[in-house]
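What follows is the residue order along each chain.
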Amino acid sequence: APIKAGGKQVTSNKLTIKVLPPDQATQASQGQGGAQSSNRQSSGQGSQTVGADDLFMLATVDKTTVYEQEALLLTYKIYKLPSVDLQTMSNTMPDIKNCHVQQVELPSNKEFNLEHYNGRNYQTMLWSQYVLFPQHSGEVEIPSTTFEGTIAQRVDNNSGDIFDMFFNSSRYVEVKKDLTAKPIKITVKPLPQGKTSAFYGGVGDFSISSTISSTDVTANDAVTVRVILSGTGNLKLIKTPEMKFPQDFDIYDPKIDNKYTIKGGRQTGNKVYEYLIIPRYAGQYTIPALEFQYFDPKSGSYKTVKTDEYTLNVAKGQG
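Just so we're clear, the structure is a prediction, and the values are computed from it rather than from any experiment.

Counting its regular elements, the protein contains three helices and 23 strands. When the 319 residues of the protein are sorted by exposure, 37% land in the buried category. Contacts spanning at least 24 positions in sequence make up 73% of the contacts within the protein whose residues lie at least 6 apart. Carbon and sulfur atoms form 47% of the exposed surface of the protein, whose accessible area is close to 19,000 Å².

Here is the structure:
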């Protein structure tokens, strides 16, 4: 909405409105004179029951066929009708065999959104998410998982007392309800032939770079070679790359700094390796490039990236 004020054009922000299709069950109920609604009343107690289609938990994965070590996203989402008063929800993470599991951090203040599903309009909430890394080829089953919910359910007062009927025609009680998400089967393909000694278990999309603290030093001076492995994939599970240094160097175990996180349902970031070496004799030495081979699930092939090669000039030291 634009206006002119003080000789300048002023424009409001725009809004996007999502309009869901009509709820098919509501239309059917209206067409049948409310028969469906009255059938949902429990005949003996005069209380409103909550059916399997009124409140349930749905488990989904973003892919059902993956390679070994390829990440897949497991999502649990609550679906409920607006009339269902869900109070609390709890569950225990299922024990998924042959998978490395990492939970995705979600906002603590969860909110319901509207979604059209199977012809019904539901309030939905993203309850939990996990990134799975299958460790072996074959079939992996995500077992059925039971969530324990508590709902406030209306119970009509049928005592026959006219005062109770007038002042307190119905009351609400907390009712436990189990929501069971169905199991899911995942097909895990083995990694193909083509691995080399430069393969350290990386599956995803990666790049590599390096720096050196100095290329001109004196014997017995410490030198640091810093290698940065960046990308998206199974960063946590990658083995430490093995750099080759001249034999006359003292070599220490690398210091590893993990700087990855779960973002967009994927493990992304980098791993930093710091290799500390000490040359003991004068001379000119070559620190060869570090090759890193990884498997790219998108192309179904192995790819190799490598760091720079360095020439280290070592001057004679004291004594």
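This next bit is on the nonpolar core. One finds Met57, Leu74, Tyr76, Ile142 and Ile186 to be the most contacted residues of the largest nonpolar core, which totals 32 residues. Of all the secondary structure elements, the ones that give two or more residues to this core are strand E3 (55-61), strand E5 (72-80), strand E6 (85-90), strand E9 (120-134), strand E10 (138-142), strand E11 (145-156), strand E12 (170-181) and strand E13 (184-189). Excluding anything up to four places from it in sequence, isoleucine 142 contacts Val61, Leu74, Tyr76, Ile96, Leu132, Pro183, Ile184 and Ile186. Counting 26 residues, the second-largest nonpolar core is a separate cluster that includes Tyr200, Phe206, Ile212 and Ala219.

What follows is about the confidence of the model for the protein. The pLDDT averaged across the protein works out to 87; a share of 88% of its residues lies at or above 70. Counting interchain partners and residues more than four positions distant, the pLDDT-below-50 stretch residues 35-47 has 23 contacts.

Right, let's get into the side chain of glutamine 102. Assignment of secondary structure puts glutamine 102 in strand E7 (residues 99-103). Exposure remark for glutamine 102: the relative accessible area of 15% places this residue in the buried category. Contacts of glutamine 102, omitting those with residues within four sequence positions, involve Gln129, Tyr130, Val131, Phe133, Lys236, Ile262 and Gln267.

Moving on, we get to the pattern of salt bridges. For the coordinates displayed, the defined rule picks out nine salt bridges. For arginine 280, the salt bridge is made with aspartate 250, and the minimal N-O distance between the two is 2.5 Å. Here arginine 280, found in the loop between strand E19 (266-279) and strand E20 (283-287), pairs with aspartate 250, found in strand E17 (residues 249-251); they are 30 residues apart in sequence, far enough to count as distant. Aspartate 257 is paired through a salt bridge with lysine 259; the nearest N and O atoms lie 3.6 Å apart.

The subject of this paragraph is unusual backbone geometry. Backbone geometry at glutamine 69 places phi at a positive 70°, although glycine is not the residue there. The topology assignment puts glutamine 69 in the loop between strand E4 (65-67) and E5.

Here we take up the sheet that holds E13. Spatial ordering of the open sheet is given by E4-E13-E10, a layout of three strands whose pairing is mixed. Here the strands that pair on one side only, and so sit at the sheet edges, are E4 and E10. Averaged over all pairs of adjacent strands, the angle between strand axes in this sheet comes to 35°, irrespective of strand direction.

Taken in spatial order, the three strands of this open sheet run E15-E23-E20, and their pairing is mixed. Sheet topology places strand E15 (216-218) and E20 at the edges, where each strand pairs with a single neighbour. Sheet twist, expressed as the mean angle between neighbouring strand axes with direction ignored, is 30°. As judged from the five bridges shared by E20 and strand E23 (residues 310-315), these two strands associate in the antiparallel manner. The residue of E23 that forms the bridge with isoleucine 287 is tyrosine 310.

About the criteria used
- Residues numbered from 1 in each chain as written.
- Predicted model: local features only at pLDDT ≥ 70, side-chain atom pairs only at ≥ 80, totals over all residues.
- Heavy atoms only, no water.
- Helix = DSSP H or I, 4+ residues; strand = E, 2+ residues; numbered from the N terminus.
- Buried < 20%, exposed > 50% of the residue type's maximum accessible area, 1.4 Å probe, protein only.
- Contact = heavy atoms within 4.5 Å.
- Areas by Shrake-Rupley, 256 points an atom, 1.4 Å probe, with all protein chains shown as cover.
- Core = buried A, V, L, I, M, F, W, Y, C linked by side-chain atoms within 4.5 Å.
- pLDDT = per-residue confidence, 0-100.
- Salt bridge = Lys/Arg side-chain N within 4 Å of Asp/Glu carboxyl O.
- Pairing = 2+ DSSP bridges.
- Axes fitted to C-alpha atoms, helices over the stretch in contact; angles between N-to-C directions.

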